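# Residue-level structure breakdown
For reference, the chains in residue letters:
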Amino acid sequence: MTNQSKPKYYLTTPIYYVNDRPHIGHAYTTLACDFLARFKRLDGYDVCFLTGTDEHGQKVEKAAHDAGVSPQDFTDSVSQNFRDLTDSLNFSNDDFIRTTESRHKVACQTLWDLLRERGHLTLGSYSGWYATRDEAFYSETELVDGKAPTGAPVEWVEEPSYFFNLSQWQDRLLAFYEANPDFVGPDSRFNEVKSFVAGGLRDLSVSRASFKWGVSVPNDDDHVMYVWLDALTNYITATGWPADGSFGDVEKYARLWPADLHMVGKDILRFHAVYWPAFLMAADLPLPKRVFAHGWWTNEGQKISKSLGNAIDPLELAEQYGLDQMRYFLMREVPFGKDGDYSAQAIIHRINGDLANDLGNLSQRVLSMVFKNFDGKMPAFPDQPTTEDRVLVAAADALLPAVREKMDRQAFHEALRLIWQVIADANRYVDTAAPWVLKKTDPARMAEVLAVLAEIIRQVAILIQALMPASAEKMLDQLGVATDKRSFAQIGGAKRLAKGHIIAKPEPIFPRYIGEGAV
Ligand code: ME8
């Protein structure tokens, strides 16, 4: 199938502020998108997966100032750290956008012009509270003990500002939510968004006049755009919008927009589920199909913060525990959408249990027996499968649609739970069938048992490519599965390994973790 004839899937991560080094939280969001992007590619979609960096605004300007370098030099170097992370963590993003790029400035200014031409922007003056850490405006009534509700310090700001008429969009937003019940996930977060909008919206200040590090407002050099209007626009910039602009790409924009999914942390849902749709509606542009807000990680029970100095470096984790092991842990440990706690004990538990014992041993035991007893050639799948054979194989054959349904709802932990249920079934089957005993008592049956098990391993390995690409590749190499036989189209009954199919010498793929902290 050519890319043009495949269905498209466009998904995005937030673009990260370049005020700090990337930490586990950033890696988490991008990993979740990577898991989904790889899954969709294997499932026959033409995927565009976007990530990048948010480089304007007061927060970044201040970080550059504190570092004693110009904002441009500062953003160049920190943005590079985020770009490097995508390689180190094996993220398969198709594009990496920086808001300081020309293509993005053109898109921001075009969006601004559309809003202005349609009468949605007015020049006025802002006086109120601003939290640079959140890059957000707060009213007096929202403050808690003199701070933003997020705990960020606030300062009083009084300056000329353009306002977007957000208050006019309340009814249209509510009607849109009503008509699109899957627009925000999880449901509990959607309810929060709806009550926020139902409570009434105030016009939004969308320009700043007291500093310069931003996209200039067209025809008014005294103002730069509010960093959130600038940042949200990245999602449409990357599609080649505006199609008639200097960086435009008519075909790409038409194919990619609207986005299928904006993945965000719960901290920035309001910007994506309220402000962004309102800007797009006001500009007469199509709205994204879905926004999913995941929860936050704490570190051994504590909030991760710069002041506590307890940020977890994803590269160190990958180094210590293995990249695929870390990727598995982050997606499996915490129900996606809920908050979660990182602890060394928890990751070791997952590595030694789910990966080393359950999957690693299964694959190693089965493939070694095939390799040793059948000269590295697959025995035939049973002509007349037993009930146990049938039940196990049917469970594996039924996995893809069930897993797909979970992935489409971003229930990543559930998708993995389903796969590991089949792995557990396979382990019970191997213990009961005891092929090492059959070797002496009934070698023909041993051959059948191993063929059934190899089929389960093949299907599991194909499915887990999306999360643990390097390890799954090794498993499939050992099984001798050709590289063009690894997509989801290969899952199910018609594609089983034929008798005589040659496998490679098996090597352990998921070693037990025996380093520091192991019990
Ligand atoms: O908000 N646990 O950028 P940001 C889980 N530039 N996820 C976490 C996390 C944690 N402890 N800490 C951060 C911005 N994240 C804006 C976005 S989008 C148009 C502009 C993740 O660098 C989570 O995805 O502060 C959160 O939403 C994002 O990092 C915030 O990154």
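Look above for the structure.
Residues numbered from 1 in each chain as written. Predicted model: local features only at pLDDT ≥ 70, side-chain atom pairs only at ≥ 80, totals over all residues. Heavy atoms only, no water.

The environment of the ligand is made up of 21 residues, and the closest members are I15, Y17, T29, D54 and D267. The backbone of Y17 places a nitrogen or oxygen atom 2.9 Å from an oxygen atom of the ligand. A distance of 3.0 Å separates an oxygen atom of the ligand from a polar atom in the backbone of G265. Taken by itself the ligand offers 680 Å² of open surface, and the protein chains cover 94% of this. Taken together, the elements giving at least two residues each to the shell around the ligand come down to strand 1 (8-17), helix 1 (24-42) and helix 7 (227-232). In terms of residue count, strand 1 provides more of the shell around the ligand than any other element does, four residues in total. Grouping the amino acids of the shell around the ligand by side-chain chemistry returns eleven nonpolar, eight polar and two charged. (Near = heavy atom within 4 Å. Polar contact = N/O pair within 3.5 Å; in protein donor to acceptor, adjacent residues only side chain to side chain. Areas by Shrake-Rupley, 256 points an atom, 1.4 Å probe, with all protein chains shown as cover. Helix = DSSP H or I, 4+ residues; strand = E, 2+ residues; numbered from the N terminus. Nonpolar A, V, L, I, M, F, W, Y, C, P; charged D, E, K, R; others polar.)

In this section: a positive patch on the surface. Positive charge collects at one region of the surface, where K372, K439, K440 and K505 lie side by side. Note on placement: K372 falls in helix 13 (residues 344-373). Judged by its relative accessible area of 69%, K372 falls in the exposed class. (Patch = residues over 30% accessible without salt bridge, like charges linked within 9 Å, V, L, I, M, F, W, Y side chains within 5 Å. Salt bridge = Lys/Arg side-chain N within 4 Å of Asp/Glu carboxyl O. Lys, Arg positive; Asp, Glu negative; His and termini not counted. Charge placed at Lys NZ, Arg CZ, Asp CG, Glu CD. Buried < 20%, exposed > 50% of the residue type's maximum accessible area, 1.4 Å probe, protein only.)

Right, let's get into the sheet that holds strand 16 (residues 340-342). Strand order across the open sheet formed by three strands is 15-14-16, with mixed pairing between neighbours. Two strands lie at the open edges of the sheet, namely strand 15 (302-303) and strand 16, each paired on one side alone. (Pairing = 2+ DSSP bridges.)

Take unusual backbone geometry next. For the bond running from G185 to P186, omega is -10 degrees, close enough to zero to count as cis. Of note, the amide linkage connecting W257 to P258 takes the cis form, showing an omega dihedral of 5 degrees. Here P258 lies in the loop between helix 9 (250-256) and strand 12 (261-265). Phi at N219 takes a positive value of approximately 60 degrees, unusual for a residue other than glycine. Note that N219 resides in the loop between strand 10 (216-217) and strand 11 (220-225). Taking relative accessible area as the criterion, N219 reaches 75% and is therefore assigned exposed. Look at E300: it is not a glycine, yet its phi comes out positive at around 45 degrees. Along the chain, E300 turns up in the loop between strand 14 (297-299) and strand 15.

The subject of this paragraph is helix 10 (residues 269-282). Here helix 10 is 14 residues long and its end C-alpha atoms lie 19 Å apart, about the 20 Å a rise of 1.5 Å per residue gives. The sharpest bend along helix 10 measures roughly 30 degrees and falls at Y275, with the proline P277 sitting one to four residues further on. The buried fraction of helix 10 is high, at 13 of 14 residues. Phi for D284, located one or two positions after helix 10, is positive at around 60 degrees. (Expected span 1.5 Å × (residues − 1). Bend = angle between axes of the 7 residues up to and from the residue.)

Of note, S92 is situated in the loop between helix 3 (71-88) and strand 3 (95-98). A polar atom in the side chain of S92 sits 2.8 Å from the side chain of R41. Not counting residues up to four positions away in its chain, the partners in contact with S92 are D34, A37, R38, R41 and F49. (Contact = heavy atoms within 4.5 Å.)

It is worth spelling out the pattern of salt bridges at this point. According to the stated counting rule, one finds 37 salt bridges in the structure shown. A salt bridge links R118 to D284; the nearest nitrogen and oxygen atoms lie 3.1 Å apart. A residue pair is termed long-range when its members are at least 10 positions apart, and R118 in the loop between helix 4 (102-117) and strand 4 (121-131) and D284 in the loop between helix 10 and strand 13 (291-294) qualify at 166 residues. On the accessibility criterion, D284 (57% relative accessible area) is exposed.

With parallel pairing, the six strands of this open sheet are ordered in space as 3-2-1-12-13-7. In this open sheet, the two edge strands, each paired with only one partner strand, are strand 3 and strand 7 (184-185). Across the sheet, helix 3 lies against strand 1, strand 2 (46-54) and strand 3, angled at about 160 degrees from strand 3, the strand it touches most. (Axes fitted to C-alpha atoms, helices over the stretch in contact; angles between N-to-C directions.)

Where helix 14 (residues 387-397) contacts helix 16 (residues 412-433), the axes come no closer than 10 Å and their chain directions differ by 160 degrees. Our classification of the angle between helix 14 and helix 16 gives roughly antiparallel. As for how helix 14 packs across helix 16, the hand of that crossing is left-handed. Every residue of helix 16 that contacts helix 14 at E388, D389, L392, A395 and A396 is listed here: V422, D425, A426 and Y429. Grouping the amino acids of the contact of helix 14 with helix 16 by side-chain chemistry returns six nonpolar, no polar and three charged. (Parallel < 35°, antiparallel > 145°, perpendicular 65-115°, else oblique. Left-handed = near helix turned anticlockwise from the far one by under 90°.)

All told, the structure shown has 27 aromatic pairs when counted by the stated rule. Their ring planes at 75 degrees and their centres at 5.0 Å tell us that F164 and F279 sit as a pair that is edge-to-face. One end of the pair, F164, is in strand 6 (residues 155-164); the other, F279, is in helix 10, with 115 residues separating them in the sequence. Residues F164 and F279 agree in their burial class; the two are buried. (Phe/Tyr/Trp six-rings, centres within 6.5 Å; stacked < 30°, edge-to-face > 60°.)

With that settled, the discussion passes to helix 15 (residues 399-408). Three or more residues of helix 15 are buried, namely L399, L400, V403, K406 and M407. Down the axis of helix 15, the smallest arc covering the buried residues is 130 degrees, so these residues share one side. Those residues of helix 15 hidden inside the fold are in contact with helix 1, helix 14, helix 16 and helix 18 (443-464). Directly after helix 15, the chain includes Q410, whose backbone phi takes a positive value near 60 degrees. (Arc of directions from axis to C-beta.)

Such coordinate-based values are descriptive only and should not be taken to indicate function.
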